Amino acid sequence: MLAILFRNLSFKNSHFQNVSTSVVTKLLSSILFIVIVPFAIANIGEAKYGIVAFFLTMNGYVSLLDTGFSYAFGLRYAQALATEPDRAPKVVEGSLPIYLFLSFIGFVAIWLNRGYISQLLFGSEVYRDAMVVFGLSLGVTVLDSFFVVIIQAHNNIKWISLNRFGLDVVKIVFLVILILFNYAPEFIVWGLLLGSLIKLALDIHIANRLCPLFQLKIDFSPKEFKQNIRLSWAAIGVAIASLFLSMIDKTLINSKFSSEVFASYSFSFDLTSKSYFLMYAIVGSSYPTLMRRIAKGDSIKDILKLNLLGLSVISFGYYLPLVLFGKSILTIITNPDFAERTAQILPYSTLAAVLYLTFNIFENILNARGHIVSVLVIYLAGVVSLVLAVQILIPRYGVTGAALSLLAMYITMLFVTLVSFRFFKRTDPCAV
C-alpha cells in the first residue's frame, strides 16, 4: 500500500513537490500559531484575543462561499486542458464574470449590513467599521479563488501552498503589531485585507504564466453561465451547508458566552485542526491513483486502507498525546484558568477531529466518483442534526454542549456516508 503513496517519489517529481510544500508550509504555520497565541493571550488578555480569533476564524471560512463554482470551473477547465486545449481559454473567459459578481456581492452585502452583522456577532455595533474592511478582504478572497483554480488545474499546487503561507505570515505580523502597540482587536482585519491583496497579486502572476490571462476577454455568454450552474448547483449547496456547519457553533458561543470562553473554545479546536494538513497530504497524494482506478473500474480498497492507516498514525501520534498531556502543556504555555477551560473541551474537540477526518476520506471517494448530490444529502443531514443538537445540548451543558453537538453532527454524517457506500456497492461492483 505504501507504494501507492510514494510511487515516483523524487525531488524533481511535481507530485512530491506539491505534497512536501504543502506539509512544510502548514507545519511552519502551525508552529508560528503555537508560539504566538500564548504570547498574545499573556499580553492582550483572553477577551481581546477572543475577538481577534473570531475575525481570523471567519476569514478562514469565507472561501467556502465560492466552492460550488470552483468545482464547476475547475472540472471544466481541467477537462478542456486534457481533451480540448483550444477550448480552455473560453472556459476561463466564461467563468471570470461569476467570480467578479460573487466578489462584488459579498462586499456590498457586508457593507450594507455592517451594523447588523456587528450586533449579531459581537452584541454591539462597535465593529461596524471593521466589518467594511473585512468585507473588502472577503471580496478579494473570493476573486482570488478564480486564479487558484487555474493554478491547481495546471498541477502547480506548491505555489498555492507558498502563497497561503505568505498570507498566514502577514496575519501573524499584524497580530504581533497589535500586541506590541496594544491596538484594538479589530486592527487584525487590516492584516486580513493586506494579506489577501498580496496573495491575489501573486496568484494572478502565477496564473498568467500558465494561462495568458491578459490576452483574454471577459465573456458574459449565457451558455457558459448555464454550464457552470449545471455542474455547480449541488456543490454550491455543499459549500453553503459546510459554511453553516463551520460557523454555527462558534457564532453561538461568541454570542452567548464571554470572549474568554470563546478564546478557549476556539483554541481547543484550532489545536485539533493543526494536524489536518498531514491527512490532507495523504489523501491528496493518493487522489490521482484513486481517479485512475475509478476510471478503469478497478478496486480502490487498498487506497482506502492506506488513508485509514494514515488516520490511525495521526490519531495515536498526535491526538492521543494531546488528550493525555494537553492540560499540562497548556498550563505551561498559557495560564491555569485558560488551560483548565480549554482542557475541558479538548477531549470532545479531539474526537470530533478524528470523526471529521474519517468522514473526509469517504467524502473524497464520493467526490471522485461524481456523487456530489449524495455529498449534499450528507451535509444536509449534518445541518439538521447540528441544529437539533445545539438547541438541546448548549442550554444543558454550556460550552461543552457545543462540542458535543459537533460530535453528534459528525456521527450522523459518517453514518449517512456509510449507508451511501452500502447503496453504491449494490449497484457498482468496484465501489468500496
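Small disclaimer: the values here were computed from a predicted structure and weren't measured. (Residues numbered from 1 in each chain as written. Predicted model: local features only at pLDDT ≥ 70, side-chain atom pairs only at ≥ 80, totals over all residues. Heavy atoms only, no water.)

**Some thoughts on the packing of helix 5 (residues 88-112) against helix 7 (residues 128-153)**
Reasoning step 1: Contact pair helix 5 / helix 7: the axes reach a minimum separation of 8 Å and the direction vectors enclose 165 degrees. Between helix 5 and helix 7, the angle is such that the two are roughly antiparallel. Relative to helix 7, helix 5 is oriented so that their crossing is right-handed.
Reasoning step 2: In the contact of helix 5 with helix 7, the residues fall into 19 nonpolar, 6 polar and no charged. (Axes fitted to C-alpha atoms, helices over the stretch in contact; angles between N-to-C directions. Helix = DSSP H or I, 4+ residues; strand = E, 2+ residues; numbered from the N terminus. Parallel < 35°, antiparallel > 145°, perpendicular 65-115°, else oblique. Left-handed = near helix turned anticlockwise from the far one by under 90°. Nonpolar A, V, L, I, M, F, W, Y, C, P; charged D, E, K, R; others polar.)

**Here we look at helix 6 (residues 114-122)**
Reasoning step 1: Those residues of helix 6 lying buried are Gly 115, Ile 117, Ser 118, Leu 121 and Phe 122. Along the axis of helix 6, the buried residues cluster in a sector spanning 165 degrees; they form a single face.
Reasoning step 2: In the stretch just after helix 6, Gly 123 is the one whose phi turns positive, near 80 degrees. (Buried < 20%, exposed > 50% of the residue type's maximum accessible area, 1.4 Å probe, protein only. Arc of directions from axis to C-beta.)

**Here's the deal with a nonpolar patch on the surface**
Reasoning step 1: Among the surface-exposed residues, Phe 316, Leu 320, Leu 324, Phe 325, Ile 329, Ile 332 and Ile 333 lie close enough to one another that they form a single nonpolar patch of about 750 Å² accessible area.
Reasoning step 2: A relative accessible area of 56% places Leu 324 in the exposed class. (Patch = residues over 30% accessible without salt bridge, like charges linked within 9 Å, V, L, I, M, F, W, Y side chains within 5 Å. Areas by Shrake-Rupley, 256 points an atom, 1.4 Å probe, with all protein chains shown as cover. Salt bridge = Lys/Arg side-chain N within 4 Å of Asp/Glu carboxyl O.)

**Looking at the packing of helix 5 against helix 10 (residues 222-256)**
Reasoning step 1: The interhelical angle for the contact between helix 5 and helix 10, taken along N-to-C directions, is 75 degrees, at an axis separation of 9 Å. Taken together, helix 5 and helix 10 sit at an angle that is classed as roughly perpendicular. The residues of helix 10 that touch helix 5, namely those facing Lys 90, Val 91, Gly 94, Ser 95 and Ile 98, are Glu 224, Phe 225 and Asn 228.
Reasoning step 2: By residue class, the composition of the contact of helix 5 with helix 10 is 3 nonpolar, 3 polar and 2 charged. (Contact = heavy atoms within 4.5 Å.)

**Observations regarding helix 11 (residues 259-273)**
Reasoning step 1: Between its terminal C-alpha atoms helix 11 stretches 21 Å, which fits the 21 Å expected from 15 residues at 1.5 Å a residue.
Reasoning step 2: Among all positions of helix 11, only Val 261, Phe 262, Ala 263, Ser 264, Tyr 265, Ser 266, Phe 267, Ser 268, Phe 269, Leu 271 and Thr 272 are buried. (Expected span 1.5 Å × (residues − 1).)

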